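Survey of secondary and tertiary structure
This is what each chain is made of:
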Amino acid sequence: MFGLAWVQQLILSHINFGPTMLMVEVRGILINLVCYMFLTLLQNNYTGQQVQLELEKVKSDNLGAQFELLKQQINPHFLFNSLNTLKSMAETNDSETVDFIMKLSDFYRFTLESRKLDLITVQEEMKIIDSYIFLQKARFGDGITLTNELNNDVLKTLIPPFTLQLLVENCIKHNVVSQSKPLHIRIYNAENKLIIENPIQKKKMTVEDSLGIGLDNVKLRYKHLVEQEIEINSDEKTFQIKLPFINEYHHH
């Protein structure tokens, strides 16, 4: 723009425009410079936003892939144990064999239905727990009991599918469960938290225990879905996990 103004002055040097024309030219140059800078700023801002959107998309896709992996990790050993239990029941002509098969079928139907969902109601989750505990009782008998003290309001709140099931499974994996030393699991609500607790009856670590991923799975799912932390309390007698209530969920 300065070059064009200089060429114009050379070509029209024989004409005396005076200071007024020079001011007009300078003003025009400044206006063009401001417009150019403004358009460049807009372009850079747009490019930056596009890059940011791409980064967010990559991040979202990565988190989504991680979350799908978490879903796939649910119940890695449960089917194997259930089939072993079913085999034993069939060999002894146990009268509850048919009921066991129906509950096992219900459990995996819940698994297939819930796998596509981020959250379900606590009431639906308790149906999963009921089937799971029935199957575990076929294996442990009176060695395991579960007390459900949740009220109707809590049953309407939301929870990641199989959260409580994973935590109950975690309790069984890491504690002695036997007729002589029953494991009592309690699920209740207090202080706007859903709480699951059990007495600590530690057993020696096994290969199955070393592969346990239940608690980490629950932590990551709460962090991914609702950006909230679960609370873990443990002393010499009781192990307790507090889950924050989820009343609504907006995917982002």
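Keep in mind that what you see is a predicted model, and the values were worked out from it rather than measured. (Residues numbered from 1 in each chain as written. Predicted model: local features only at pLDDT ≥ 70, side-chain atom pairs only at ≥ 80, totals over all residues. Heavy atoms only, no water.)

Overview of the pairing of strand β6 (residues 231–234)
In summary, the side chains of a regular strand alternate between the two faces of the sheet. Pairing geometry for β6 and strand β7 (residues 238–244), over four bridges, is antiparallel. Note that in β7 the partner of E231 across the bridge is K242. Here β6 folds back onto β7, and the loop between the two strands holds three residues. (Pairing = 2+ DSSP bridges. Helix = DSSP H or I, 4+ residues; strand = E, 2+ residues; numbered from the N terminus.)

Some words on the sheet that holds strand β5 (residues 193–199)
Sheet architecture is open: five strands sit in the order β2-β4-β5-β7-β6, paired in mixed fashion. At either margin of the open sheet sits one strand with a lone partner, and together these are β2 (144–148) and β6. Adjacent strand axes in the sheet meet at a mean angle of 15°, parallel and antiparallel pairs treated alike. In this sheet, β7 lies alongside β5 in antiparallel orientation, the contact comprising seven bridges. Counterpart to K193 in the pairing with β7 is P244. (Axes fitted to C-alpha atoms, helices over the stretch in contact; angles between N-to-C directions.)

Re the layout of surface pockets
Taken as a whole, the second largest pocket encloses approximately 180 Å³ of empty space. Every residue along the wall of the second largest pocket is listed here: L167, N170, C171, H174, N175, N198, I200, K202, L215, S234, F239 and I241. Elements represented by at least two residues in the lining of the second largest pocket include exactly α7 (163–174) and β7. Ranked by residues supplied to the lining of the second largest pocket, first place goes to α7 with four residues. Class assignment of the residues belonging to the lining of the second largest pocket gives a composition of six nonpolar, five polar and one charged. (1 Å grid on protein atoms, 1.4 Å probe; cavity = no way out; pocket = protein on both sides within 12 Å on 5 of 7 lines; lining within 4 Å. Points joined across faces, edges and corners; volume = space filled by probe spheres on them. Nonpolar A, V, L, I, M, F, W, Y, C, P; charged D, E, K, R; others polar.)

Considering helix α5 (residues 122–140)
Under the 1.5 Å per step criterion, the end-to-end length of α5 is 25 Å for 19 residues, consistent within 8% with the ideal 27 Å. Among the residues of α5, V122, E125, M126, I128, I129, S131, Y132, I133, L135, Q136 and F140 are the ones counted as buried. The positive-phi residue at the C-terminal boundary of α5 is G141, with phi of around 65°. (Expected span 1.5 Å × (residues − 1). Buried < 20%, exposed > 50% of the residue type's maximum accessible area, 1.4 Å probe, protein only.)

Quick word on the packing of helix α3 (residues 78–91) against helix α4 (residues 97–114)
Running from N to C, α3 and α4 cross one another at 165°; their axes reach a closest spacing of 10 Å. When the axes of α3 and α4 are compared, the pair comes out roughly antiparallel. The interaxial crossing formed by α3 with α4 has left-handed handedness. Touching F78, L79, S82, T85, L86, M89 and A90 of α3 are T97, F100, I101, L104, F107 and Y108, all from α4. Residue composition of the contact of α3 with α4, grouped by class: 10 nonpolar, three polar and no charged. (Parallel < 35°, antiparallel > 145°, perpendicular 65-115°, else oblique. Left-handed = near helix turned anticlockwise from the far one by under 90°. Contact = heavy atoms within 4.5 Å.)

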